[in-house]
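In case you want the letters, here they are:
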Amino acid sequence: MNSRKIRNKRTIAQYSELGKLIVKAMLDKGMDRKTLLEGLNITTAALTSILFGESMPSLTTAFNLSRTLGIDIELIVNTMNRKDEDTSA
């Protein structure tokens, strides 16, 4: 028996609304995660947590998202403030 833990793969369908906005902007710019992380100055774990709605970005990270991805800060903040309809029951 293999002693390694099997990681559950997550899909973009499981992303929060903010996560979907981030990934769309990354794809539009042809940006990979490594480049985004360098622009945001956060860890991979922190980005993953933001993408899946497990945490919200700090104000500094929100501004860095805006600058790095070219997304209007107002759109980021409004998206952060909306309830993610996919997770409400």
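Presented here is a report on the structure given in the accompanying data block. (Residues numbered from 1 in each chain as written. Predicted model: local features only at pLDDT ≥ 70, side-chain atom pairs only at ≥ 80, totals over all residues. Heavy atoms only, no water.)

## Things to note about the packing of helix 2 (residues 33-40) against helix 4 (residues 59-69)
Axis angle and axis distance: for two packed helices, these are the angle between their axes and the distance between the axes, and together they describe the pair.
Right, on to step 1. The interhelical angle for the contact between helix 2 and helix 4, taken along N-to-C directions, is 130 degrees, at an axis separation of 9 Å. Accordingly, the angle class assigned to the pair helix 2 and helix 4 is oblique. Here helix 2 runs over helix 4; the crossing is right-handed. Contacts between helix 2 and helix 4 involve L36, G39 and L40 from the former and T61, N64, L65, R67, T68 and L69 from the latter. (Axes fitted to C-alpha atoms, helices over the stretch in contact; angles between N-to-C directions. Helix = DSSP H or I, 4+ residues; strand = E, 2+ residues; numbered from the N terminus. Parallel < 35°, antiparallel > 145°, perpendicular 65-115°, else oblique. Left-handed = near helix turned anticlockwise from the far one by under 90°. Contact = heavy atoms within 4.5 Å.)

## A look at the packing of aromatic side chains
Right, on to step 1. Counted according to the given criterion, the structure contains one aromatic pair.
Right, on to step 2. Between the aromatic rings of Y15 and F52, the centroid separation amounts to 4.7 Å while the plane-to-plane angle is 90 degrees, which identifies the pairing as edge-to-face. Residue Y15 is located in the segment before helix 1 (17-29), and its partner F52 is located in the loop between helix 3 (44-51) and helix 4; the two are separated by 37 residues in the primary sequence.
Right, on to step 3. In this structure F52 comes out as buried when scored by relative accessible area, which is 16%. (Phe/Tyr/Trp six-rings, centres within 6.5 Å; stacked < 30°, edge-to-face > 60°. Buried < 20%, exposed > 50% of the residue type's maximum accessible area, 1.4 Å probe, protein only.)

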